[in-house]
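Secondary and tertiary structure notes
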Amino acid sequence: MQVRVQQEGFDLGAESDGFAARVSGVGAIVTFTGVVRDADAGGLVAMEIEHYPAMTQKALEAIAAEARARWSLADALVIHRYGRLAPGERIMMVATAARHRKHAFEAAEYLMDYLKSRAPFWKKEILTDGRAGWVDAKADDEDALSRW
Amino acid sequence: MDVVYFAWVRERIGVPREQVESEAATVTDLVAELSAREERYAAAFSDLSSLRVALDQELSDFEAPLAGVREVAFFPPMTGG
């Protein structure tokens, strides 16, 4: 299991290949990549991601360990960035490896749902007109946890 | 104890971290104590339903006891992913 919290970008191809090379005996690998999306009304200059360094790593590890145990994953990878990112840049990725695709997909969704609401990151949108605002958590995101 | 703030809570209070001398028994008591000190705390803590708290880097709740806790963190609901 690998969890990385970092400012710098990551190479999606190299990470996916590296992850696949480390696992054996699996039939399914799912990867998900989150990307900085433009603001709903457009005009996003940057997304600033703040986090709680003393807590982030261990919160992510706990979430990944739970996913791994629950879906009998061969392995799981979580990379999450912080700092100032431009639209189109990758924010994070998860990868899961399991014997069957259902488990790999479900575990990846579980990871994403928990990363959204239980990992100590906060996003601030910086807009072209100079305005800036913290992204509010959505009730839907909290509700999504109840299905697990 | 150390008290740390993130996102708009940090902006509203004006510092990311501070040392607080307090005998507060629970998080709620600490919030009341800080809010009574200065308006910026009262403003940040005006709606606890929009806040989350972590004790020694573990998510907790406002009724939790503070005995033995070294670091209290206040922040808005998280928006990772």
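As shown above, the structure is provided for reference.
Below, the structure is looked at part by part. (Residues numbered from 1 in each chain as written. Chains lettered and ligands numbered in written order. Predicted model: local features only at pLDDT ≥ 70, side-chain atom pairs only at ≥ 80, totals over all residues. Heavy atoms only, no water.)

**As for the pattern of salt bridges**
Heads up, the rule is: Whenever a carboxyl oxygen of Asp or Glu lies within 4 Å of a side-chain nitrogen of Lys or Arg, that contact is scored as a salt bridge. Between buried and exposed lies partly exposed: a residue is buried under 20% and exposed over 50% of the maximum accessible area for its type, with that area taken using a 1.4 Å probe on protein chains only.
Under the definition given, this model contains 15 salt bridges over all chains. The closest approach of N and O atoms between Glu38(B) and Arg40(B), which form a salt bridge, is 2.7 Å. Judged by its relative accessible area of 28%, Arg40(B) is partly exposed. Shared partners join several salt bridges into a network, and the residues in it are Glu109(A), Asp113(A) and Arg147(A).

**Some points on the interface of chain B and chain A**
What counts is decided by this rule: Two residues qualify as a contact provided that any one of their heavy atoms is within 4.5 Å of a heavy atom in the partner residue. When two parts are brought into contact, each loses some accessible area as probed by a 1.4 Å sphere; the total of that loss over both is the buried area. Between N or O atoms, a polar contact is any pair within 3.5 Å; within protein, one atom must be a potential hydrogen donor and the other a potential acceptor, and residues adjacent in sequence are included only when both atoms are from side chains. Note on conventions: DSSP H or I runs of at least 4 residues are helices, E runs of at least 2 residues are strands, and numbering of each starts at the N terminus. Residues were grouped as follows: Ala, Val, Leu, Ile, Met, Phe, Trp, Tyr, Cys and Pro as nonpolar; Asp, Glu, Lys and Arg as charged; and all remaining residues, including Gly, as polar.
Each partner contributes to the interface: chain B provides 21 residues, whereas chain A provides 24 residues. Summing both sides of the interface, chain B and chain A together bury roughly 1,800 Å²; the carbon and sulfur share of this comes to 58%. It is Met78(B), Thr79(B) and Gly81(B) that lose the most area in chain B upon contact with chain A, and together they represent 37% of the buried surface on that side. Connecting chain B to chain A are two salt bridges. Taking the shortest distance from any N to any O, the salt bridge between Glu50(A) and Arg10(B) comes out at 2.5 Å. Linking chain B with chain A are twelve residue pairs in polar contact (both at pLDDT 80 or more), by the criterion used here. Among the elements of the structure, β1 (2-5), α1 (7-13), β4 (58-59) and β5 (71-75) of chain B are those that each provide at least two residues to the side of chain B that touches chain A. A breakdown of the residues in the side of chain B that touches chain A according to their chemical character gives twelve nonpolar, four polar and five charged.

Interpretation note: all reported values are geometric properties and have no functional meaning in isolation.
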